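The primary structure of each chain is shown beneath.
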Amino acid sequence: MRRNLKRKWLLLLLVVTGVFGLTACSDDYEPWKLLETEVTSTIPQSYSEKVSWNGGTFTINVKTNGAWNIEVPEWLSVDKSEGNGDATIKATVERAWRAGERTGEIKLNTAGSESSNVVGTQSDKINFTQEGLENALKITDCSTDLTKESIFDNDRGYYYTQYGYSIKYTIDNPLTEDEINNTIRNAYIRIYKSTRYLKNDCTTIYLKKADLTPGTHVLKDDKWYNEYRTEYNYLQINKVEIIIFTAYGEKHLY
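First things first, this report covers the structure right here in the doc.

What counts, and where the lines are drawn
- Residues numbered from 1 in each chain as written.
- Predicted model: local features only at pLDDT ≥ 70, side-chain atom pairs only at ≥ 80, totals over all residues.
- Heavy atoms only, no water.
- Helix = DSSP H or I, 4+ residues; strand = E, 2+ residues; numbered from the N terminus.
- Buried < 20%, exposed > 50% of the residue type's maximum accessible area, 1.4 Å probe, protein only.
- Contact = heavy atoms within 4.5 Å.
- Areas by Shrake-Rupley, 256 points an atom, 1.4 Å probe, with all protein chains shown as cover.
- Pairing = 2+ DSSP bridges.
- Core = buried A, V, L, I, M, F, W, Y, C linked by side-chain atoms within 4.5 Å.
- Axes fitted to C-alpha atoms, helices over the stretch in contact; angles between N-to-C directions.
- Phe/Tyr/Trp six-rings, centres within 6.5 Å; stacked < 30°, edge-to-face > 60°.
- Lys NZ or Arg CZ within 6 Å of the ring centre and 35° of its normal.
- Salt bridge = Lys/Arg side-chain N within 4 Å of Asp/Glu carboxyl O.

1. Thoughts on the overall build of the protein chain
- Each helix and strand counted, the protein chain has two helices and 17 strands in total.
- Scored against the burial criterion, the 254 residues of the protein chain give a buried share of 36%.
- Sequence separation of at least 24 residues holds for 66% of the intrachain contacts in the protein chain that already meet a minimum separation of 6.
- Put simply, the protein chain shows about 16300 Å² of open surface, and 49% of that area lies on carbon and sulfur atoms.

2. What to know about the pairing of strand 16 (residues 236–246)
- Relative to strand 16, strand 13 (residues 186–194) runs antiparallel, the two sharing nine bridges. Along strand 16, the bridge assignment pairs Ser194 with Gln236.
- Pairing of strand 16 with strand 17 (residues 249–252), which is carried by four bridges, proceeds in the antiparallel orientation. What sits directly across from Thr246, in strand 17, is Gly249.
- Hairpin connection of strand 16 to strand 17: two residues between the antiparallel strands.

3. Comments concerning the nonpolar core
- One finds Ile167, Tyr169, Ile189, Leu207 and Ile242 to be the most contacted residues of the largest nonpolar core, which totals 29 residues.
- Where this core is concerned, the elements lending two or more residues are strand 11 (138–153), strand 12 (158–172), strand 13, strand 15 (215–227) and strand 16.
- No other element matches the five residues that strand 12 contributes to this core.
- Ignoring any residue separated from it by four or fewer positions in sequence, one finds Tyr169 in contact with Ile139, Asp141, Cys142, Ile189, Leu207, Asp211, Gly215, Thr216, His217, Leu219 and Ile242.

4. Considerations on the sheet that holds strand 12
- The sheet built from three strands is open, its strands ordered 11-12-15 with antiparallel pairing. What marks the edges here is a single partner per strand, and that holds for strand 11 and strand 15. Between one strand axis and the next, the sheet turns through 15° on average, direction left out of account.
- Pairing of strand 11 with strand 12 involves 15 bridges; the strand directions are antiparallel. Bridging across to strand 12, Asp153 finds its partner in Tyr158.

5. Here's the deal with the packing of aromatic side chains
- Considering all chains together, one arrives at five aromatic pairs under this definition.
- When the centroid spacing of 6.5 Å and the interplanar angle of 50° are considered together, the rings of Tyr163 and Tyr225 count as tilted. Of the two residues, Tyr163 is situated in strand 12 and Tyr225 in strand 15; the sequence distance between them amounts to 62 residues. Taken individually, Tyr163 and Tyr225 each receive the classification buried, so the pair is uniform in this respect.
- Ring geometry for Trp224 and Tyr225: centres 6.1 Å apart, planes at 50°, overall tilted.
- Among the aromatic side chains, those forming a connected cluster through ring pairs are Tyr163, Tyr165, Trp224 and Tyr225.
- Of note, Lys50 hangs over the ring of Tyr47, and the distance from its end group to the ring centre comes to 5.4 Å.
- One cation-aromatic arrangement involves Arg102 over Trp75; the distance from NZ or CZ to the ring centre is 4.0 Å.

6. Some details on the environment of Asp79
- Tracing the sequence through the fold places Asp79 in the loop between strand 5 (76–78) and strand 6 (82–84).
- The exposure class assigned to Asp79 is partly exposed, which follows from its relative accessible area of 45%.
- Expressed as a C-alpha distance, the spacing of Asp79 and Thr92, which sit 13 residues apart in the sequence, is 8.7 Å.
- The residues touching Asp79, leaving out its near neighbours within four places in the chain, are Ile89 and Lys90.

7. Re the pattern of salt bridges
- Per the counting criterion, the structure on display carries eight salt bridges.
- When the shortest N-O distance is used, the salt bridge between Glu241 and Arg190 registers 3.5 Å. Placement of Glu241 in strand 16 and of Arg190 in strand 13 is noted, with a sequence separation of 51 residues between them. Accessibility classification places Glu241 together with Arg190 in one group, the buried group.
- Since its relative accessible area comes to 18%, Arg190 is described here as buried.

As structure tokens, then:
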């Protein structure tokens, strides 16, 4: 009888001790969380939108419950390179230094930590494209005038028509002389003309570096084109193009 009673007391003591032990453990226990990260940015990232050749300042917004660090190209700087938790990062893209686009990748690495009871790792990328220096040149205004003069040819004994042109354009060019020399290989104007029987014949006029300086320029040629047969005297200018040529291809300014 006494032996059974002793066993019951021992069993009761074990149960009570277990309950108190579980209660103590549950008070100290903090549940682990999975890493969560969301990254947004004001940097243009679509195929049709690019960072200006002149660079710019943008923001990268980080929402995370972990620690983070950021990797960027050498021509992009950030005001914060690492941190813990939510952050707003200022990212500055430098001015382009050559013709042709360049692409950049921003990589944000996040990770949980034992101290914050967060587990997991994640990498997010922001890919973008910056314009080349050739995009700094812009034609803000362009007009073309066609002149016509009837001239008698003494040797042939009849009149012919002498045509001339005047092309006036205004160019915005903030590049330095060194940048122009390193960027532009050639520049030219294409004049597309037609007569009654000739459709879209093209005349190419090569430009000098002086023709690309900022401001308004006028190019003239009073003896550009002549016609000896009166049935062809229907010359007109259909289109004018102003083009620069870089190591990466043509860029149409107008």
